[in-house]
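Below are the chains, spelled out letter by letter.
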Amino acid sequence: MRRPIEIGNPLLFFAMVVVLFPLGMGPSSDNLATVAPGILWITALLSNLLTSDAVFRSDFDDGSLEQLILAPQPLFLSVLAYIAAHWFTTGLLLALVSPLFALMLNLPVSALGTLIVSLLLGTGVLSLLGGVGAALTVGLKRGGMLISLLILPLYMPVLIFGGAAVQAAITGSPPGPYLAILGAMLSLAIALAPLAIAAGLRISIDA
Amino acid sequence: MPSGAVRTPLLATQSLGLVRGGRELFRDLTFEVCGGELWQVHGGNGAGKTSLMRILCGLSRYGFEGEVLCSETPLYLGHQPAVKALLTPRENLQWHVSGAGLYDHERIDLALARVGLCGYEDSPSHTLSAGQRHRVNLARLFLSSARLWLLDEPFTAIDKAGVNEAQDLLSAHVDAGGAVIMTSHQTLQVSCKVHSLSLAHGVVA
């Protein structure tokens, strides 16, 4: 990676937002523990959303995207590689450092494993969906707001099941079913989202 | 190149027409490009040269009339140099662009040497000048094994010596049975015959 700051930014954003909640809601640890799964998940979602706008932006600007579309390699695999790179630098890292922030929010230690697994699965879906939005808005000069409006509704199911998995782990009920649904979403997204991204890129480059 | 293969058109269009913003840019554009031919697209600014090139290479797929038949994937070099600022020239040439090509280290070094970037192989591309970045883009011509080249203003920001070398390369490619369609405002100094396609009047000469 030539620009380490681009890896650091989502993590710093994650840290800053997590710190904001105790400041806004008061530092009572009981309070925080009840909303911690939601806070962590929404923060992961937002940091994913903020970075997904840039996935194809620089390639669109310097003409590399035209070459990517015309290249002999299947576009399905190329965009999958882009999304994988995006996920490695946001989703994977966020999932790995999330226990640190979870402890800051007084999340029970027993739920940490579920939190990591749910974030690993869920952020994969988020990156793929974000890629669809990025592909559709890359031709616009300021697509930032539009991309949020386009893909936030699609993020909701992931948030529901991701948050529910962690909540289940806290209350002691098995989180397996929620994680299974997240896994199913991820499988579906890996199969279908690259098609949508490829089509979106072709449309954006055509306009 | 056997003489039989030269005759089959690498690219053929059938009555291409394009209307942009209520203005008709071109209409009924029908031509065939065979191996061993160099075509130069003429036309003033806004005449639709780039639009035509994007239609020919397949980037524009809607919004025009007519048909483009391409027998194989062409190499397309557009206005933007497609050179990533964070990568070195060598790395930039390693990722594959349109059309078929060979991308081993020796050929990349050779190609960079041919465009006069010897010694710049491993410096980040954002330290290069605009002209040097366009030269990196031109180096792709040396790596390409595609028979049809679609070049949109390939000489932008290139100095005189570079333009001469690039023209020699185009001549060599055409002599070897390849075909080139290019836009340029300059008069080409090439050894082969230049077919001219004027968008202002829709004349194929």
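Residues numbered from 1 in each chain as written. Chains lettered and ligands numbered in written order. Predicted model: local features only at pLDDT ≥ 70, side-chain atom pairs only at ≥ 80, totals over all residues.

*Asks:* Which parts of the structure should I look at to understand the overall build of chain A?
*Replies:* Looking only at helices and strands, one finds eight helices and zero strands in chain A. When the helices and strands of chain A are read in sequence order from the N terminus, they spell out α-α-α-α-α-α-α-α. Over its C-alpha atoms chain A spans a radius of gyration of 18 Å, differing by no more than 12% from the 17 Å that the globule rule assigns to 207 residues. Counting the 207 residues in chain A, one finds 45% classified as buried. (Helix = DSSP H or I, 4+ residues; strand = E, 2+ residues; numbered from the N terminus. Rg over C-alpha atoms; globule rule 2.2 N^0.38 Å. Buried ≥ 20, exposed ≤ 12 C-beta atoms within 10 Å, placed from the backbone.)

*Asks:* Just checking my understanding: could you explain the overall build of chain B for this structure?
*Replies:* On a plain count of helices and strands, chain B comes out with six helices and ten strands. In summary, chain B has a C-alpha radius of gyration of 17 Å against a globular reference of 17 Å for 205 residues, a match within 12%. A principal-axis box enclosing the C-alpha atoms of chain B has dimensions of 50 × 45 × 30 Å. Buried residues in chain B amount to 40% of all 205 residues. When contacts within chain B are restricted to residue pairs at least 6 apart in sequence, those whose partners lie at least 24 apart make up 72%. (Contact = placed C-beta atoms within 7 Å.)

*Asks:* What's the story with the confidence of the model for chain B in this structure? I'm lost.
*Replies:* Predicted coordinates in areas of low pLDDT are best not read in detail. Residues and elements named next belong to chain B. Residues with a pLDDT of 70 or more make up 92% of chain B, whose mean pLDDT is 81. For chain B, the element scoring lowest by mean pLDDT is helix H1 (residues 3-7), at 51; strand S8 (residues 179-183) scores highest, at 89. Taken together, the stretch residues 1-6 has pLDDT below 50 and engages in ten contacts with residues farther than four places along the chain or on a different chain. This prediction of the complex comes with two scores: 0.86 for pTM and 0.81 for ipTM. (pLDDT = per-residue confidence, 0-100.)

*Asks:* It is not clear to me how unusual backbone geometry should be interpreted in this structure. Could you clarify?
*Replies:* Glycine aside, residues mostly have negative phi, and peptide bonds are mostly found in the trans state. One non-glycine residue with positive phi stands out, namely A:Asn106, at about 65°. Position of A:Asn106 among the secondary structure elements: in the loop between helix H5 (75-104) and helix H6 (112-137). The class of A:Asn106 is partly exposed, set by 16 C-beta atoms lying within 10 Å. The phi dihedral of B:Asp28 is positive, around 55°, even though this residue is not glycine. Considering the arrangement of structural elements, one finds B:Asp28 in strand S2 (residues 23-29). Classification of B:Asp28 as exposed rests on a count of 11 C-beta atoms within 10 Å.

*Asks:* What exactly am I supposed to notice about the interface of chain A and chain B here?
*Replies:* Size of an interface, as often reported, equals the accessible area lost when the parts are brought together. Taken together, the contact pairs 14 residues of chain A with 20 residues of chain B. Looking at the side of chain A that touches chain B, the elements with two or more residues in it are helix H4 (64-70) and helix H8 (176-206) of chain A. Here the residues of the side of chain A that touches chain B are counted per class, giving five nonpolar, four polar and five charged. (Nonpolar A, V, L, I, M, F, W, Y, C, P; charged D, E, K, R; others polar.)

*Asks:* Explain the nonpolar core here, please?
*Replies:* The biggest cluster of nonpolar side chains holds 110 residues, and the ones touching the most others in it are A:Leu129, B:Leu150 and B:Val180. When residues in this core are grouped by element, the largest group, twelve residues, is from H6(A). With near-sequence residues (within four places) excluded, B:Leu150 lies in contact with B:Met53, B:Leu56, B:Cys57, B:Pro74, B:Leu75, B:Tyr76 and B:Ile181. (Core = buried A, V, L, I, M, F, W, Y, C linked by C-beta atoms within 7 Å.)

*Asks:* I would appreciate a short explanation of the environment of A:Gly113 in the present structure.
*Replies:* Tracing the chain through its elements places A:Gly113 in helix H6. Accessibility expressed as a C-beta count within 10 Å gives 12 for A:Gly113, which makes it exposed.

*Asks:* Explain helix H1 (residues 4-25) of chain A here, please?
*Replies:* Along an α-helix, residues three or four positions apart point the same way, because every turn accommodates 3.6 residues. All names here are of chain A. The terminal C-alpha atoms of H1, which comprises 22 residues, lie 33 Å apart, in line with the 32 Å expected from a rise of 1.5 Å per residue. Tucked inside the fold, the buried residues of H1 contact helix H2 (29-52) and H5. The first or second residue beyond H1 is Gly26, which carries a positive phi of 90°. (Expected span 1.5 Å × (residues − 1).)

*Asks:* Where do I start with the packing of helix H7 (residues 144-171) of chain A against H8(A) in this structure?
*Replies:* What describes two packed helices is the angle between their axes and the distance between those same axes. All names here are of chain A. Two elements in contact, H7 and H8, have axes whose closest approach is 8 Å; the angle formed by their N-to-C orientations is 150°. In terms of axis orientation, H7 runs roughly antiparallel to H8. Between H7 and H8 lies a crossing of left-handed hand. Facing Pro157, Val158, Phe161, Gly162, Ala164, Ala165 and Ala168 of H7, the residues of H8 in contact are Tyr178, Leu179, Ile181, Leu182 and Met185. For the contact of H7 with H8, the class distribution of residues is eleven nonpolar, one polar and no charged. (Axes fitted to C-alpha atoms, helices over the stretch in contact; angles between N-to-C directions. Parallel < 35°, antiparallel > 145°, perpendicular 65-115°, else oblique. Left-handed = near helix turned anticlockwise from the far one by under 90°.)

*Asks:* Looking at this structure, I do not really get the pairing of strand S1 (residues 9-20) of chain B. What am I missing?
*Replies:* If a strand is regular, its side chains alternate between the two faces of the sheet. Residues and elements named next belong to chain B. The pairing of S1 with strand S3 (residues 32-34) spans three bridges and is antiparallel. The residue of S3 that forms the bridge with Leu11 is Val33. Note that S1 and S2 share four bridges and pair antiparallel. Directly across from Leu18, in S2, lies its bridge partner Phe26. Between the antiparallel neighbours S1 and S2 lie two residues, among them Gly21 with a positive phi of about 55°. (Pairing = 2+ DSSP bridges.)

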